[in-house]
Amino acid sequence: MSRIQVLDKTFEIFLESDAIQRRVKEMAQQISADCAGTRPLFLSILNGSFLFTADLVRHLTIEPEISFIKLASYKGMRSTGSFTTAIGLDVDLLDREVILVEDIVDTGNTLFQFLPHLLQQQPRSVRIATLLHKPEATRHPLTLDYVGFSIPNKFVVGYGLDYDGWGRQHGSIYQLAAE
Ligand code: IMP
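What you see is a predicted model; the values in this text were computed from it and never measured.

Cut-off values and rules
- Residues numbered from 1 in each chain as written.
- Predicted model: local features only at pLDDT ≥ 70, side-chain atom pairs only at ≥ 80, totals over all residues.
- Heavy atoms only, no water.
- Near = heavy atom within 4 Å.
- Polar contact = N/O pair within 3.5 Å; in protein donor to acceptor, adjacent residues only side chain to side chain.
- Areas by Shrake-Rupley, 256 points an atom, 1.4 Å probe, with all protein chains shown as cover.
- Helix = DSSP H or I, 4+ residues; strand = E, 2+ residues; numbered from the N terminus.
- Nonpolar A, V, L, I, M, F, W, Y, C, P; charged D, E, K, R; others polar.
- Pairing = 2+ DSSP bridges.
- Phe/Tyr/Trp six-rings, centres within 6.5 Å; stacked < 30°, edge-to-face > 60°.
- Buried < 20%, exposed > 50% of the residue type's maximum accessible area, 1.4 Å probe, protein only.
- Axes fitted to C-alpha atoms, helices over the stretch in contact; angles between N-to-C directions.
- Parallel < 35°, antiparallel > 145°, perpendicular 65-115°, else oblique.
- Left-handed = near helix turned anticlockwise from the far one by under 90°.
- Contact = heavy atoms within 4.5 Å.

A. Here's a closer look at the site of the ligand. Taken together, 14 residues are adjacent to the ligand, and T107, G108, T110, K134 and V156 come closest. In the environment of the ligand, an oxygen atom lies 2.4 Å from a nitrogen or oxygen atom belonging to the side chain of T110. For the ligand, whose unbound accessible area comes to 490 Å², protein coverage reaches 80%. Where the shell around the ligand is concerned, the elements lending two or more residues are β6 (97-105) and α3 (109-119). Residues of the shell around the ligand, tallied by class, amount to 5 nonpolar, 4 polar and 5 charged.

In structure tokens:
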């Protein structure tokens, strides 16, 4: 399909399923080489990264531990700004090599707010693996250790990514079409 309709918007093909699969395999090979001899904890951030995580771990040649979390943002009552915490984090992170698995880093707000919370638990290391990155949109100094594709600052759906809860199921990634 070269174009799909999601709710009121039309999207056009941007990354074919085959290209995504090839890149995800390369990322898994890279991570496996970097983490040889260790058992990293893959912390997959739901909902968007469920397909990416499933494909990534199938190509690993190391033994991973895999867990899933959701991030929730809270506005402080009197403090400025908000903080982000993990729901469902049931693994002790002390001294662990952690690989955060994200679907997309856009502004970077989510990870930037969550990282201090994660570091409080004193993991040995934290690395970020994101399938997509929108460098033009990112406003925080995040080190992204593994990036599948750097993409323009346009809205995308498919391969786990949604528009208002729709469109996650596609194997390819689609970009908002010009009007
Ligand atoms: P950030 O905090 O701005 O980096 O955005 C993080 C989250 O926003 C991602 O994990 C996605 O759930 C969502 N997001 C950002 N850009 C897109 C997009 O183009 N399509 C779908 N979801 C997106």
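B. Highlighting the sheet that holds strand β10 (residues 173-176). Pairing in this open sheet of 4 strands is antiparallel, and the strands run β1-β2-β10-β9 from one edge to the other. Edge positions in the sheet fall to β1 (3-6) and β9 (156-157), since each of these pairs with one other strand and no more. Sheet topology note: the β1/strand β2 (residues 9-15) ladder contains 4 bridges and is antiparallel. Directly across from R3, in β2, lies its bridge partner E12.

C. The packing of aromatic side chains, seen in detail. One pass over the full model with this rule turns up 3 aromatic pairs. Aromatic pair F155 and Y163: ring centres 6.0 Å apart, planes at 75°, arrangement edge-to-face. Overall, Y163 belongs to the buried group, its relative accessible area being 17%. Three or more aromatic residues link up through ring pairs in this structure, and these residues are F11, F155 and Y163.

D. Region of interest: the packing of helix α1 (residues 17-34) against helix α2 (residues 50-58). Taken N-terminus to C-terminus, the directions of α1 and α2 make an angle of 55°; their axes are 8 Å apart at the nearest point. In terms of orientation, α1 and α2 fall into the oblique class. As α1 runs across α2, the sense of the crossing is right-handed. Note on element contacts: α2 touches α1 through F52, D55 and L56, opposite Q21, V24, M27, A28 and I31.

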